[in-house]
Every structure is written in structure tokens, then in C-alpha cells.
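Architecture at a glance
The residues making up each chain are set out below.
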Amino acid sequence: MKTITNGLIFKGLDLTLSKENICIDDGKIIEISKDVLEGEIIDVEGSIICPSFINAHTHIGDSIIPDDGDGLSLGQIVKPPNGIKHVALESTPDEEIIKSMKKSMWDMYYSGTSHFIDYREGGVKGVKLLKEASKDIPINPIILGRDGSFYGENPDLHQVKVAVRKLLKYADGIAPSGFGEIEAEVAELICRECDKVGKISSIHVAENEGVQLESLAKTNKTEPERAFEAGFNQIVHMTNPKNQDIDKLAISNTSLTICPRSNGALSVGIVPLFDILSKGVKPLIGSDNIMLNSPNMIRELEFTLKIMKAYSKSYISPKDIIKLATTNGVPNSALDNNSNNCDGFLSKLNKSCIAEGQNAEFFVITNKSKNPYLSLINRTEINDFTHFFY
């Protein structure tokens, strides 16, 4: 048993500021109060206690080629099967891929991340490589697999179904690249098979304007519309929404993950986060391809806060930005029975907040400001992390 004392807590789903003690036992928060003092006492006076981060979108396999592809287009870098990342993954020995993934996971751990959702290339083998790489690291990967049989015109749907079912024996879900590479029948099959076993289905949508225009020309529907209709639990990016994409997202059963630094690196635009938040949507945030960005969520949050304020010319609360990487990944039903439309997806992440009865998943950092939320986003460096409880 341990009690962390004198810290300024970002408490509950709303990250409410509270100066109390946290008592943890066997990995669970058993009491939060001003008076509790049991077991080992850890005094963190002058510090912030924040829920650990979830990096909600990564491609950890391309840790093998950091900063490759600068100046190339999105398609040249990441489009399967001939993007430079896919060529590199095919030609790199497994041992090197595992070593580079391990390094990225330790980088995530020491910058406050306890959970990450990975789009894992390479079929069942790719999923197993990440499981092997992560087995001795105190971090929780949510692994979404994919298979080469998904892609191209006139796919063999029987072969796709076999591949999906094999993947779902090992992975936490399925994540094809995008609608530019798969047919509607494949998307619907993936969603059905994932739903049958209670696992995640996810897809990139509207990352650049070109794919939106292509989708409208081909189907008279935007990529997000096609994702909602197919039944995906999660969409990633939606950097370039059109028509009523944001309104339709707000009433859908689909969660959104945004990746602002990646969008900037690839020159594809700025997601209209202010408009998304104003509709009551609670997005998650991810660092995306590790070949493009470090997986440091502090960097992601700082970039996001400032670029979104500049883009919308409106105030966006730093607390709401921190929620993108913390409590937006926790289902409301974790604390009460008022679940929202995405709670089913969020429950699969097994993420916690700082509240009694929750898993102990938080870190301690030095407070450098009169505004603790801005201190976290705007002032924190790696050497400011002092304790990790996850």
C-alpha cells in the first residue's frame, strides 16, 4: 500500500483540480481524501498528478525509419503496398523491428503514456511481433491488425473473412488503411466480424482533401459517411470534413481520433477541432506514424492547443486539450451509468481516470505555473516526470 500526498490532482472525468492524498493498493485507487495516510508515504509537494496518457493512434512498426520521406506525398510515404514505410517493413529483419518498437514504447512510457492504439501492418505475424516487443514493458498496446487480402478491386471475400477471423484470434481489432484501398463489401465484412467478437474496427478517413473528393465522385458519399454506414467503431483523422460530416459524427456510434502533428508533417490540413468540440464530440488524439513524429504526447498536446487556437481564432481550454489524451478515453460508465454513444468502444481500451475504485494509472510531474493545465502542456519536459504509477 502507498499514499501519494500533497499533490495537485487532475481528478475524475472532468480533471477537476483537487489537493488531496491518493491511497493505492494492489494497483487500485482505494481512497482519495485529505486525511488518508497509509503504507509507504510519497510526498509530491509542488507537483501535478495527471491521469496517464493514451496515444490513440500510432504506427509503431515504422519506428525503423525515423524522419524518412520528408517532402514526399502522403501516398508515397504510407499508401500500401508500395509506400516507403511498407517497403521498409518488408525488407527489415524482425529483430530490428522489435528493437525499434521497444525503444518507442519506452519513449512513450517515460513521457507519461500507459496505453496506445496501434495500426499494425503485416497480418498475424505483425501482431505477434508487437506482442513480443511489448511483453516486458509496463505499457498496454491495443493492437489493430490488417492483411494484404483486404486491398484491391474485386477482392476474394471468402479469403478476406478467413484473414479477418485469423487476425481476431490475436489482435484487439481490425484496421484497414482507408477507403481508397478497400471496397465497401470488405469494410462491412470487417465491421461485422469485429462486432461478433466484441473487438474494435477502425479506419483512416478524410485525411486529405483529395480522398474526400475521390470518394464523393465515386460513391456520392464522403469517407466519414461510408465509415458510419459500414459500422466502424473508430475513425482516424477527419482532417477535411465535408457536407455534414461533423454533425453526422456527433450522432453516430463512432469515436474520432485526431492526429494534428501528423497532418502538419504531411501538409494535409488542420482538423477543425473547435467545431468538433462545439458539437459535443469527445475526440481522442494520437501521434500517428513514428517515422514522422516522436510518440511524446506532451509535444502533441502543445502543438494541438496552439495550432487550434490560431486556426479557429477562438479560445480552446487547455483542460479540454488534456482530456483528448486522458479522460476522453475513459467511458462515463466507469464512474456512473450515464454512458454516451462511444462508451462501448472506450470500454475496450480499459483506460482509467483518477477516482476511487479505478486502476492506478497516473504520473507525477513538477508544476511550473499558476495554471496547472498550461503547466502540463506548455512547460513540461521529460525530466519533469518524477513518478509513474501504471
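A short tour of the structure in this document, coming up.

The rules behind each value
Residues numbered from 1 in each chain as written. Predicted model: local features only at pLDDT ≥ 70, side-chain atom pairs only at ≥ 80, totals over all residues. Heavy atoms only, no water. Helix = DSSP H or I, 4+ residues; strand = E, 2+ residues; numbered from the N terminus. Rg over C-alpha atoms; globule rule 2.2 N^0.38 Å. Buried < 20%, exposed > 50% of the residue type's maximum accessible area, 1.4 Å probe, protein only. Contact = heavy atoms within 4.5 Å. Lys, Arg positive; Asp, Glu negative; His and termini not counted. Charge placed at Lys NZ, Arg CZ, Asp CG, Glu CD. Pairing = 2+ DSSP bridges. Axes fitted to C-alpha atoms, helices over the stretch in contact; angles between N-to-C directions. Parallel < 35°, antiparallel > 145°, perpendicular 65-115°, else oblique. Left-handed = near helix turned anticlockwise from the far one by under 90°. Nonpolar A, V, L, I, M, F, W, Y, C, P; charged D, E, K, R; others polar. Salt bridge = Lys/Arg side-chain N within 4 Å of Asp/Glu carboxyl O. Expected span 1.5 Å × (residues − 1). Core = buried A, V, L, I, M, F, W, Y, C linked by side-chain atoms within 4.5 Å. Polar contact = N/O pair within 3.5 Å; in protein donor to acceptor, adjacent residues only side chain to side chain.

Quick word on the overall build of the chain
- Of the regular secondary structure elements, the chain holds 15 helices and 16 strands.
- Relative to a compact globule of 390 residues, whose C-alpha radius of gyration would be 21 Å, the chain shows 20 Å and is just as compact.
- Out of the 390 residues in the chain, the part that is buried amounts to 56%.
- Taking the contacts inside the chain whose residues are at least 6 apart along the sequence as the reference set, 71% of them involve residues at least 24 apart.
- A distance of 1 Å separates the average location of the 42 positive side-chain charges in the chain from that of its 52 negative side-chain charges.

Some words on the pairing of strand β10 (residues 200–205)
- By the criterion of burial, β10 is predominantly enclosed, with six of the six residues buried.
- Of the two faces of β10, both are covered, the one formed by I200, S202 and H204 as well as the one formed by S201, I203 and V205.
- The pairing of strand β9 (residues 173–174) with β10 spans two bridges and is parallel. Looking at the pairing, G173 lines up with I200 of β10.

Examining unusual backbone geometry
- We note that L15 has phi near 55 degrees; this positive angle belongs to a residue other than glycine.
- Residue placement: L15 occurs in the loop between β1 (2–11) and β2 (16–25).
- Since its relative accessible area comes to 0%, L15 is described here as buried.

A few points about the packing of helix α12 (residues 297–312) against helix α13 (residues 318–325)
- Where α12 contacts α13, the two axes come as close as 10 Å, and the packing angle between them is 140 degrees. Between α12 and α13, the crossing angle belongs to the class labelled oblique. When the axes of α12 and α13 are compared, the crossing they make is right-handed. Here M297, L301, T304 and L305 of α12 come into contact with α13, specifically with P318, I321, I322, L324 and A325.
- Class assignment of the residues belonging to the contact of α12 with α13 gives a composition of eight nonpolar, one polar and no charged.

Notes on the pattern of salt bridges
- Enumeration according to the criterion identifies 20 salt bridges in this entry.
- Across the pair K19 and E45 runs a salt bridge whose closest N-O atoms are separated by 3.1 Å. One end of the pair, K19, is in strand β2; the other, E45, is in the loop between β4 (40–43) and β5 (47–51), and 26 residues separate them in sequence.
- Connected through salt bridges with shared partners, the residues D14, K319, D320 and K323 form a single ionic network.

Re helix α6 (residues 184–196)
- Its 13 residues place the ends of α6 19 Å apart at the C-alpha level, agreeing with the 18 Å of an ideal helix rising 1.5 Å per residue.
- Those residues of α6 lying buried are V186, A187, L189, I190, C191, E193 and C194.

Quick word on the nonpolar core
- M105, F150, F232, I235, M238 and L376 are the most contacted members of the largest nonpolar core, which totals 81 residues.
- If you tally residues by element for this core, the top one is α6, at six residues.
- Not counting the four nearest positions on each side in its chain, M105 is found in contact with I60, F116, L130, A133, S134, I137 and I139.

Examining the packing of helix α7 (residues 209–219) against helix α8 (residues 223–230)
- Here α7 crosses α8 at 65 degrees, and the two axes come no closer than 8 Å. Residues V211, Q212, S215 and T219 of α7 lie in contact with α8, whose contacting residues are E223, P224 and R226.
- Residue composition of the contact of α7 with α8, grouped by class: two nonpolar, three polar and two charged.

Notes on the sheet that holds β10
- Read across the open sheet, the nine strands follow the order β13-β12-β11-β10-β9-β8-β7-β6-β14; overall the sheet is parallel. On the outer flanks of this sheet lie β13 (284–285) and β14 (288–289), each paired with one strand and no other.
- Bridge count for strand β8 (residues 140–145) against β9 is two bridges, and the pairing is parallel. Each residue of the ladder has a partner; that of L144, found in β9, is G173.

As for helix α15 (residues 372–379)
- Every buried residue belonging to α15 is among P372, Y373, S375, L376 and I377, and all of these are buried.
- Capping the start of α15, N371 holds a side-chain oxygen 3.1 Å from the backbone nitrogen of Y373, two or three residues further along.

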